[in-house]
Amino acid sequence: MDISEPGIAMLEAEEGVVLRAYRCPAGVWTIGAGLTAASGVVTPRAGMVITPVEASALLAKALEKNYEPAVDRAMWPGRPVQHEFDAGVMFHFNTGAIKRASWVRAWIRDNADAARRGLMAWNKGGGKVLPGLVKRRKREADLLLKGVYTPGKARRAAVPAHGPARIALPLSAAEFSAARAALAGLGYAVGTDPIRITAQAVRSFQRDHDLTIDGILGRATLSTLQRRIDARRKTAVAAPALGLTGAGTATGGTDALAGVPLSGAVLLGLAVLWAGWLAFQYRDAIAATVQRRLPRLARILRSF
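Residues numbered from 1 in each chain as written. Predicted model: local features only at pLDDT ≥ 70, side-chain atom pairs only at ≥ 80, totals over all residues. Heavy atoms only, no water.

Caption draft 1: Structural context of the nonpolar core. Ranked by internal contacts, the top residues of the largest apolar core, which has 40 residues, are Leu59, Leu63, Met75, Phe91, Ile98, Trp103 and Leu144. When residues of this core are traced back to their parent elements, those giving at least two are helix H1 (5-15), strand S2 (29-32), helix H2 (52-75), helix H3 (82-95), helix H4 (102-108), helix H5 (112-120) and helix H6 (131-146). With sequence-adjacent residues up to four places away left out, Leu59 is seen in contact with Ile8, Leu11, Glu12, Ala33, Leu35 and Phe93. Core analysis: the second largest hydrophobic core is formed by 20 residues, Tyr22, Leu169, Leu186 and Ile197 among them. (Core = buried A, V, L, I, M, F, W, Y, C linked by side-chain atoms within 4.5 Å. Buried < 20%, exposed > 50% of the residue type's maximum accessible area, 1.4 Å probe, protein only. Helix = DSSP H or I, 4+ residues; strand = E, 2+ residues; numbered from the N terminus. Contact = heavy atoms within 4.5 Å.)

Okay, here's the thing in structure tokens:
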């Protein structure tokens with residue numbers, strides 16, 4: 001069985017479709033509805049841009065190759081009709097857990113209450129209950145058990161240059177506040193209203209990070225912002241190990257390691273290697289900091 005067109009539309013609305021390649025929080029190049037090179041249907045790279053039609057076609061190929069067969073096998077004993085199969089595909093695309101999910105067995109036994117409870121239990125990320133996942137699981141349960149498709153959002157007018165940014169993903173109040181604080185901490189003028197972020201701040205961030213400049217706080221922008229947060233946090237951890245906190249600075253001689261015990265020299269060497277690894281892993285964050293002064297270097301750092 002193949003996922004239906006309404007199912008694909010609902011999946012695209014849940015995942016968010018990004019037409020310009022970006023790095024996910026783990027640093028993997030991503031495009032479309034969360035597709036990476038591991039999908040086997042596309043190899044995203046810096047500067048790659050696709051059309052909405054291409055994004056849908058790539059998603060369909062990825063589903064056919066990587067997800068629909070597994071859902072077919074897992075749900076086959078229950079003889080799924082279209083909306084039930086679509087719900088299974090949506091769940092599996094998000095979790096990869098269709099084989100071990102207890103809700104599938106409950107659904108096969110025609111126990112709707114247990115199926116809903118089992119599906120709703122998949123609401124955590126990083127050990128925490130995420131409001132966005134709670135809402136998504138409810139929509140998937142309604143699709144599975146009631147055949148209710150949640151339509152994708154119609155394309156809205158462009159975000160005005162002056163005014164608030166548009167939020168394209170369901171964020172809790174805490175998540176929004178964290179994103180706002182992160183942008184402000186990076187020097188972007190988020191405005192004085194605590195429940196809004198200026199479109200100008202989001203556009204500036206997108207421009208500095210080679211993203212689509214639209215003033216919309218969506219998946220690509222939030223993923224890139226998360227990488228900046230992670231880079232800053234990990235750099236702060238590395239700095240003391242490298243002696244960058246202002247204490248113990250060498251003031252004389254030509255050998256900065258003179259008088260340092262061997263174990264200390266080894267530890268310092270390891271710290272330098274770690275800092276180098278961090279710089280490589282977060283080279284896109286470095287590119288953003290040098291974008292305006294050294295645009296050629298920024299392009300090189302983003303190219304691999």
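Resuming the write-up.
Caption draft 2: Structural context of the packing of H5 against H6. At their nearest, the axes of H5 and H6 sit 9 Å apart, and the two run at 155° to each other. Relative to H6, the element H5 is oriented roughly antiparallel. Both H5 and H6 take part in a crossing whose hand is right-handed. Residue-level inspection shows Ala112, Ala115, Arg116, Leu119 and Met120 of H5 in contact with H6, the latter providing Val134, Arg137, Lys138, Glu140, Ala141, Asp142, Leu144, Leu145 and Lys146. Split by residue class, the contact of H5 with H6 holds eight nonpolar, no polar and six charged. (Axes fitted to C-alpha atoms, helices over the stretch in contact; angles between N-to-C directions. Parallel < 35°, antiparallel > 145°, perpendicular 65-115°, else oblique. Left-handed = near helix turned anticlockwise from the far one by under 90°. Nonpolar A, V, L, I, M, F, W, Y, C, P; charged D, E, K, R; others polar.)

Caption draft 3: Summary view of the environment of Thr289. Mapped onto the secondary structure, Thr289 falls in helix H11 (residues 283-290). When its relative accessible area of 46% is taken as the criterion, Thr289 is described as partly exposed.

Caption draft 4: Seen up close, the pattern of salt bridges. In the structure shown here, the tally under the stated rule is eight salt bridges. Arg139 is the partner of Glu14 in a salt bridge, and the nearest nitrogen-oxygen pair spans 2.6 Å. Separated by 125 residues along the polypeptide, Glu14 in helix H1 and Arg139 in helix H6 bring together distant segments of the chain. Measuring nitrogen to oxygen at the nearest pair gives 2.9 Å for the salt bridge that ties Arg116 to Asp142. Taken together, the residues span a long stretch of sequence, with Arg116 in helix H5 and Asp142 in helix H6 at a distance of 26 residues. A network of salt bridges, in which partner residues are shared, links Glu15, Arg136, Arg137 and Glu140. (Salt bridge = Lys/Arg side-chain N within 4 Å of Asp/Glu carboxyl O.)

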